[in-house]
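# Tertiary structure, described
Spelled out, the chains give:
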Amino acid sequence: MLISSIVSSPLRVPNKLIILIRVLIHSVSIVYLSYVFYLAFSGQLLGDPVQYLLDFTGIGAINLLLLSLLVTPLALWLKFGQILRVRRSLGVYAAIYAIAHLTVFIAFELQFEWGLIVSEIVNRPYITVGFIALIVLIVLLITSLPAVKKRMGKSWFSLHQWVYLACALALIHYIWSIKSEELQPIVYFIIGFLVLIIRGKKLNIFKK
Ligand code: HEM
């Protein structure tokens, strides 16, 4: 098994450093998200605050998702098994940012008009794709609770392979949502799919 190959990790740091990295991930993710919402609600965001919040939460979710997928290759490459302990936090915040993204869309763009919400999900393909990605992320978020994970046994690992589907769908949603010619979504798309290919190949390149 991949994890067992790095248990006898030559690279070791004090446990306190890993705890510090996790605390940093928690604080930066929560503080940054709260701060941007505070700026929006206090009228300090220039331009269109709803669009800004949608972009910020959407990009935030994709960044965190890609980072969470990069942890295992990094751990194998550096033979740094301890770093695997930050993977869950990154995944959890990817889901939280994605939920915030949907909340902004429902609350501010659609003003809680539930009929409109359903019709957007059904009739606009890029929203449908984003919706499926979000559902998968929410399922992964709930099942990442230690008690649920324990109860699920081996099936937990099969279920959590769905993160690749969520990531692929999120990247498609992103590139599909762009109306003008922009380089950034194309760069994300290429990097994102390279990450998925590396993970999909069961990290063979790192096993040498
Ligand atoms: C029900 C689920 C979702 C809905 C309704 C939704 C809705 C939207 C909307 C309305 C936009 C803005 C399009 C525009 O600029 O006109 C957008 C952009 C975006 N969404 Fe989503 N989304 C959903 C799920 C997700 C998920 C799960 C992710 C990532 C994990 C994501 C990432 C993004 C990104 C990166 C953008 C582009 C931001 C930018 O232009 O800088 N979305 N989404």
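In the block above lies the structure referred to throughout.
Residues numbered from 1 in each chain as written. Predicted model: local features only at pLDDT ≥ 70, side-chain atom pairs only at ≥ 80, totals over all residues. Heavy atoms only, no water.

### Observations regarding the packing of helix 1 (residues 15–41) against helix 2 (residues 49–78)
For clarity, the cut-off: Interaxial angle, 0 to 180 degrees, is taken between N-to-C directions of lines fitted to C-alpha atoms, where a helix line uses only the stretch in contact. A run of H or I in DSSP counts as a helix once it spans at least four residues, and a run of E counts as a strand once it spans at least two, with each numbered from the N terminus. For classification purposes, an angle smaller than 35 degrees is called roughly parallel, one larger than 145 roughly antiparallel, one from 65 to 115 roughly perpendicular, and anything else oblique. A contact between two residues is defined here by any heavy atoms of the two lying within 4.5 Å. The classification used treats Ala, Val, Leu, Ile, Met, Phe, Trp, Tyr, Cys and Pro as nonpolar, Asp, Glu, Lys and Arg as charged, and all other residues, Gly among them, as polar.
At a minimum axis separation of 10 Å, helix 1 and helix 2 run at an interaxial angle of 170°. Here helix 1 lies roughly antiparallel to helix 2, going by the angle between them. Of the residues in helix 2, those touching helix 1 at Ser 29, Tyr 32, Leu 33, Val 36, Phe 37 and Ala 40 are Pro 49, Tyr 52, Leu 53, Phe 56, Thr 57 and Leu 64. Its residues placed into classes, the contact of helix 1 with helix 2 shows 10 nonpolar, 2 polar and no charged.

### Focus on the environment of Leu 102
Rule in force here: Only protein chains enter the accessibility calculation, which uses a 1.4 Å probe; a residue whose area is less than 20% of its type maximum is buried, one above 50% is exposed, and one in between is partly exposed.
Relative to the elements of secondary structure, Leu 102 occurs in helix 3 (residues 87–109). Judged by relative accessible area, which is 28%, Leu 102 ranks as partly exposed. The spacing of Leu 102 and Gly 58 is 44 residues in sequence and 8.9 Å in space, taken between C-alpha atoms.

### Side note on the site of the ligand
The line we're drawing: Residues are labelled near a given molecule or strand when at least one of their non-hydrogen atoms is within 4 Å of it. Pairs of N or O atoms are called polar contacts if they sit within 3.5 Å, as long as, within protein, a hydrogen donor faces a hydrogen acceptor (for residues adjacent in sequence, only side-chain-to-side-chain pairs).
The ligand sits among 22 residues. The nearest are Gln 51, Asp 55, His 101, His 173 and Lys 179. Between the ligand and Asp 55 there is a distance of 3.3 Å, counted from an oxygen atom to a side-chain nitrogen or oxygen. Between His 173 and the ligand, the recorded distance is 2.8 Å, taken from a side-chain N or O atom to a nitrogen atom. Listed by contribution, the elements that provide at least two residues to the shell around the ligand are helix 2, helix 3, helix 5 (125–143) and helix 8 (163–177). Element by element, the count of residues in the shell around the ligand is highest for helix 2, at 7 residues. Of the residues in the shell around the ligand, the class split is 14 nonpolar, 6 polar and 2 charged.

### Some details on the nonpolar core
Rules: Residues grouped as a nonpolar core are buried Ala, Val, Leu, Ile, Met, Phe, Trp, Tyr and Cys residues, joined through side-chain atoms within 4.5 Å.
The biggest cluster of nonpolar side chains holds 56 residues, and the ones touching the most others in it are Ile 62 and Cys 167. When residues of this core are traced back to their parent elements, those giving at least two are helix 1, helix 2, helix 3, helix 4 (114–123), helix 5, helix 8 and helix 9 (183–200). The element best represented in this core is helix 2, accounting for 11 residues.

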